[in-house]
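Notes for the structure review
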Amino acid sequence: MGVINATPDSFYPGSRALGDALVDVAAAMIAGGASIIDIGGESTRPGALYVSLDEELSRVMPAVAAIRQRWEIPLSVDTRKAEVARQALDSGVDMVNDVSALDDDPAMAGLCAARGVRVILMHKKGIPATMQDKPYYEDCASEVFAWLLAAAQKALLAGIAMDKIVLDPGIGFGKRDEDNLDILNRLDELCSSGYPVLVGLSRKAFIGAITGRDASRRLAGSLGAACMARSRGARLFRVHDVAETVDALRVCDAIFFGKGAQAPIVL
């Protein structure tokens, strides 16, 4: 899943793309082997504030149109707002990536159920503006995994089919560095739940904490984390560096499953 942020403030400047640059970024991701493009118009980095509905729509909808008129690749919209999701789905988007796990907007679950689209449910502690203000867990992985399974149950009760649900443990969203490592080390527990698991590891702060590198120099660390997550059963990878990650995962899968194997994806 290639990340395109139609925003001015997402944490990694290399993921930000507007106007003609957005088409160029999408083209490179598709050439690099992306299976899905994820488009977002509201940053959810630590410290980020909500943007208005109109502002988010003004960022997302031109991006959706620019990509959809050129390619048939599956598209995901990264939003917490049901109206943004509705308009994006009407314009050819295939799935909804909601960092609030359908909690922020009471209309989101019903919309996704009615449209029959795949939904990514992500765990976060608190809201982006304050989620990194001293987060604390007794047993992070156990708490996060239990929360995600409860969120999946709520989605099922709202009418979303089990085979449309993807779980994301929300690396870096209200978690300390040691919490992120705990989740990744025990990711196989979540992957055994019956739901496909997505991980968003690319260039995140915990990699910087380990390597001492800023976001612009965290590619190697990101690839290491992706390969480790693949070994624990992750099936979908939300990344900034598509071609490099595809190559790394192909090597992993060749080792795990034999030459010629492809990293399994959800769609």
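Residues numbered from 1 in each chain as written. Predicted model: local features only at pLDDT ≥ 70, side-chain atom pairs only at ≥ 80, totals over all residues. Heavy atoms only, no water.

Before going further, it helps to examine the overall build of the chain. Looking only at helices and strands, one finds 10 helices and 8 strands in the chain. A total of 267 residues make up the chain; the buried ones form 53% of that total. Put simply, of all contacts in the chain between residues at least 6 apart along the chain, 67% involve residues at least 24 apart. When the accessible surface of the chain is summed, it comes to about 11100 Å², and 54% of that surface belongs to carbon and sulfur atoms. (Helix = DSSP H or I, 4+ residues; strand = E, 2+ residues; numbered from the N terminus. Buried < 20%, exposed > 50% of the residue type's maximum accessible area, 1.4 Å probe, protein only. Contact = heavy atoms within 4.5 Å. Areas by Shrake-Rupley, 256 points an atom, 1.4 Å probe, with all protein chains shown as cover.)

Our next topic: the sheet that holds strand E5 (residues 118-122). Within the open sheet, the 6 strands sit side by side as E1-E2-E3-E4-E5-E6. Their pairing is parallel. Of all the strands in the sheet, the pair left with one neighbour each is strand E1 (2-5) and strand E6 (165-168). Here the average twist between neighbouring strands, direction ignored, is 20°. Sheet topology places strand E4 (residues 95-98) next to E5; 4 bridges connect them, and they run parallel. Across the sheet, the residue bridging to Asn97 is Ile120, located in E5. Lying on the sheet, helix H1 (residues 20-32) is in contact with E1 and strand E2 (37-40); it crosses E1 at an angle near 175°. (Pairing = 2+ DSSP bridges. Axes fitted to C-alpha atoms, helices over the stretch in contact; angles between N-to-C directions.)

The next thing to look at is the packing of aromatic side chains. Inspection of the entire model under this criterion finds 1 aromatic pair. Of note, Lys125 hangs over the ring of Tyr137, and the distance from its end group to the ring centre comes to 4.3 Å. (Phe/Tyr/Trp six-rings, centres within 6.5 Å; stacked < 30°, edge-to-face > 60°. Lys NZ or Arg CZ within 6 Å of the ring centre and 35° of its normal.)

Take the pairing of E4 next. Across the two faces of E4 the burial is the same, with Met95 and Asn97 and Val96 and Asp98 all buried. Of the pairings in the sheet, the one linking strand E3 (residues 75-78) to E4 comprises 3 bridges and is parallel in character. When the bridges of E4 are listed, Ser76 appears paired with Met95. Between E3 and its parallel partner E4, the chain crosses via helix H3 (residues 82-90), and the hand of that crossover is right-handed. (Right-handed = clockwise from strand over helix to strand, strands pointing away.)

With that settled, consider the pattern of salt bridges. All told, the structure shown has 20 salt bridges when counted by the stated rule. Among the ionic pairs, Arg86 bridges to Asp90, the shortest N-O distance being 3.0 Å. Of this pair, Arg86 and Asp90 both sit in helix H3, 4 residues apart, roughly one helical turn. Relative accessible area serves as the criterion here: at 30%, Arg86 is assigned to the partly exposed category. For Asp90, a relative accessible area of 46% corresponds to the partly exposed category. Here Asp90 makes a salt bridge to Arg115, at a shortest N to O gap of 2.9 Å. Taken together, the residues Asp90 in helix H3 and Arg115 in helix H4 (residues 108-115) connect sequence positions 25 residues apart. A residue is classified by how much of its surface remains accessible, and Arg115, at 37% relative accessible area, is partly exposed. Salt bridges sharing partners connect three or more residues here, namely Glu42, Glu56, Arg80, Lys81 and Asp104. (Salt bridge = Lys/Arg side-chain N within 4 Å of Asp/Glu carboxyl O.)

What follows deals with the packing of H3 against H4. Relative to each other, H3 and H4 sit at 20°, their axes nearing to 9 Å. Between H3 and H4, the angle falls in the class roughly parallel. Classified by chirality, the crossing of H4 by H3 is right-handed. Touching Ala82, Ala85, Arg86, Leu89 and Asp90 of H3 are Met108, Leu111 and Arg115, all from H4. Of the residues contributing to the contact of H3 with H4, the split by class is 5 nonpolar, no polar and 3 charged. (Parallel < 35°, antiparallel > 145°, perpendicular 65-115°, else oblique. Left-handed = near helix turned anticlockwise from the far one by under 90°. Nonpolar A, V, L, I, M, F, W, Y, C, P; charged D, E, K, R; others polar.)

For Ala27, the location among the structural elements is in helix H1. Residues Ala27 and Ile67, 40 residues apart in the sequence, show an inter-C-alpha distance of 8.8 Å.

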